[in-house]
Amino acid sequence: YRAAMYNNVLLVGGNANIPGYRERVESELRKLAPTNYPVRVYLPNDPVTFAWEGAVEFSQQNGFQKYSIDRVSWEALKKTGKDQEEIWGDRMYNMNR
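The text that follows walks through the structure, step by step, so that each part is easy to find. Because the structure is a prediction, the values reported are computed rather than measured. (Residues numbered from 1 in each chain as written. Predicted model: local features only at pLDDT ≥ 70, side-chain atom pairs only at ≥ 80, totals over all residues. Heavy atoms only, no water.)

### A closer look at the environment of Ser59
Counted only if it meets this: In DSSP terms, a helix is any run of H or I states spanning at least four residues, a strand is any run of E spanning at least two, and both are numbered starting from the N terminus.
Looking at the element boundaries, Ser59 is found in helix H3 (residues 47-59). The sequence separation of Ser59 and Ile69 amounts to ten residues, and the corresponding C-alpha distance is 8.6 Å.

Rendered as structure tokens:
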């Protein structure tokens, strides 16, 4: 599994936009990885929203639709003071009724 992990590093979040960050991570990983392991660090076009978009896509697969929530609704619930556990707990309870 280690070889596959070194070959599939994904940078997400705001820090991934720092100039030279991808190259630095790849260089540091190359030093740690065995020489026969390929090292690949992927930087998406928009690393800030990439994880969210992937989660949305995943949630739209069969069987997940009834539990999905859009970003605007999530942020509105967070502003009411609910934490993550409360938001998902409420959704699961209401969906299973």
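### A short note on the nonpolar core
Within soluble globular proteins, side chains that are nonpolar tend to cluster in buried spots. Condition: The definition of a nonpolar core used throughout is a set of buried Ala, Val, Leu, Ile, Met, Phe, Trp, Tyr and Cys residues joined through side-chain atoms within 4.5 Å. In this scheme, a residue with accessible area under 20% of its type's maximum is buried, one over 50% is exposed, and one in between is partly exposed, where area comes from a 1.4 Å probe on protein chains only. Only heavy atoms matter for contacts: two residues are in contact if any of them lie within 4.5 Å across the pair.
In this structure, Tyr6, Val9, Leu11, Ala16, Val25, Leu29, Ala33, Val39 and Val41 together form the largest nonpolar core, which totals nine residues. Aside from chain neighbours lying at most four places away, what touches Ala33 is Tyr6 and Val39.

### Some thoughts on the pattern of salt bridges
Opposite charge on two side chains permits them to pair, given that their charged atoms come into close proximity. Note the following rule: Salt bridges are counted wherever a side-chain nitrogen of Lys or Arg sits within 4 Å of a carboxyl oxygen of Asp or Glu.
Using the criterion set out here, one finds five salt bridges in the structure. Lys31 is paired through a salt bridge with Glu28; the nearest N and O atoms lie 3.6 Å apart. In this pair, Lys31 and Glu28 are both assigned in helix H2 (residues 21-32), three residues apart and thus about one turn of the helix distant. Salt-bridge contacts for Glu75 lead to Arg71; the nearest nitrogen and oxygen are separated by 3.3 Å. Of this pair, Glu75 and Arg71 both sit in helix H4 (residues 71-79), four residues apart, roughly one helical turn. What emerges from the salt-bridge pattern is a single network uniting Arg22, Glu23 and Glu26.

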